[in-house]
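# An overview of the molecular structure
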Amino acid sequence: WLALAFATAAIGSAASIQAEPFYQELVRPGWSPPGWIFGPVWTLLYLSMGIAAWFAWRAGGWRGARIALALFLAQLVLNALWSWLFFAWRQGALAFVDILVLWVLIAATVVAFWRQRPLAGALLLPYLAWVSFAAVLNYTVWQLNPGLLA
């Protein structure tokens, strides 16, 4: 599960590895974190995501945790896609739609994991909080940069 979580990270980071110049070019709100903070935060979040999925899987196995794990896999796809939409393809509106759907899938995964094992759901709460913040940041940056983000 850790390998799957970090494979998602690798796919997303492939789109944003050269994002620093673009990120610096964007008009950002004063409350926007510096670019360097994203790597460490996401590393911890992917670690907790992989552990959470492992706990859910261990609690119910494939048969008992099928819906929870399917939700987890679906949100991983949208997670990786967001970086491509925002950084590589510069599609602010589509990135915002992606992150809203991602938020719903994470929330559903929290509930499903919690039912398998409460600790599994609790481990995803920081991820849900960060994506909540990221959604507001995505929207704000998109609105502040109509010439750079479609």
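For the structure given in this document, a descriptive report is provided here.

## Points about the overall build of the protein chain
The helix and strand tally for the protein chain stands at seven helices and zero strands. If you list the helices and strands of the protein chain from N to C, you get α-α-α-α-α-α-α. In terms of overall size, the protein chain behaves like a compact globule, its C-alpha atoms giving a radius of gyration of 16 Å where 150 residues would be expected to give roughly 15 Å. Projected onto its principal axes, the C-alpha positions of the protein chain cover 50 × 25 × 25 Å. For the protein chain, restricting intrachain contacts to residue pairs at least 6 apart in sequence, the fraction spanning at least 24 positions comes to 78%. When the accessible surface of the protein chain is split by element, carbon and sulfur atoms take 72% of a total near 7700 Å².

## Details of the layout of surface pockets
The space that makes up the largest pocket amounts to roughly 720 Å³. Taken together, 29 residues make up the lining of the largest pocket; nearest its centre are Ser 16, Phe 38, Trp 42, Ser 83 and Phe 87. For the lining of the largest pocket, the elements supplying multiple residues, two or more each, are helix 1 (2-16), helix 2 (20-25), helix 3 (38-64), helix 4 (66-88), helix 5 (92-116) and helix 7 (125-144). In terms of residue count, helix 7 provides more of the lining of the largest pocket than any other element does, seven residues in total. Looking at the lining of the largest pocket residue by residue, the class counts come to 19 nonpolar, nine polar and one charged.

## A word on a nonpolar patch on the surface
A grouping of Leu 2, Phe 6, Leu 44, Leu 47 and Ile 51 is seen on the molecular surface, where their side chains present a nonpolar patch of about 400 Å² in accessible area. If you list the elements that add at least two residues to the nonpolar patch, you get helix 1 and helix 3. For the nonpolar patch, the element with the highest residue contribution is helix 3, accounting for three residues. Mapped onto the elements, Leu 2 comes out in helix 1. Overall, the relative accessible area of 38% leaves Leu 2 in the partly exposed class.

## Quick word on the packing of helix 4 against helix 5
Taken N-terminus to C-terminus, the directions of helix 4 and helix 5 make an angle of 155 degrees; their axes are 8 Å apart at the nearest point. One way to sum up the angle between helix 4 and helix 5 is to call them roughly antiparallel. For the crossing formed where helix 4 meets helix 5, the hand is left-handed. Looking at the contact of helix 4 with helix 5 residue by residue, the classes come out as 20 nonpolar, four polar and one charged.

Parameters and conventions
Residues numbered from 1 in each chain as written. Predicted model: local features only at pLDDT ≥ 70, side-chain atom pairs only at ≥ 80, totals over all residues. Heavy atoms only, no water. Helix = DSSP H or I, 4+ residues; strand = E, 2+ residues; numbered from the N terminus. Rg over C-alpha atoms; globule rule 2.2 N^0.38 Å. Contact = heavy atoms within 4.5 Å. Areas by Shrake-Rupley, 256 points an atom, 1.4 Å probe, with all protein chains shown as cover. 1 Å grid on protein atoms, 1.4 Å probe; cavity = no way out; pocket = protein on both sides within 12 Å on 5 of 7 lines; lining within 4 Å. Points joined across faces, edges and corners; volume = space filled by probe spheres on them. Nonpolar A, V, L, I, M, F, W, Y, C, P; charged D, E, K, R; others polar. Patch = residues over 30% accessible without salt bridge, like charges linked within 9 Å, V, L, I, M, F, W, Y side chains within 5 Å. Salt bridge = Lys/Arg side-chain N within 4 Å of Asp/Glu carboxyl O. Buried < 20%, exposed > 50% of the residue type's maximum accessible area, 1.4 Å probe, protein only. Axes fitted to C-alpha atoms, helices over the stretch in contact; angles between N-to-C directions. Parallel < 35°, antiparallel > 145°, perpendicular 65-115°, else oblique. Left-handed = near helix turned anticlockwise from the far one by under 90°.

Distances and angles like these do not, on their own, reveal function.
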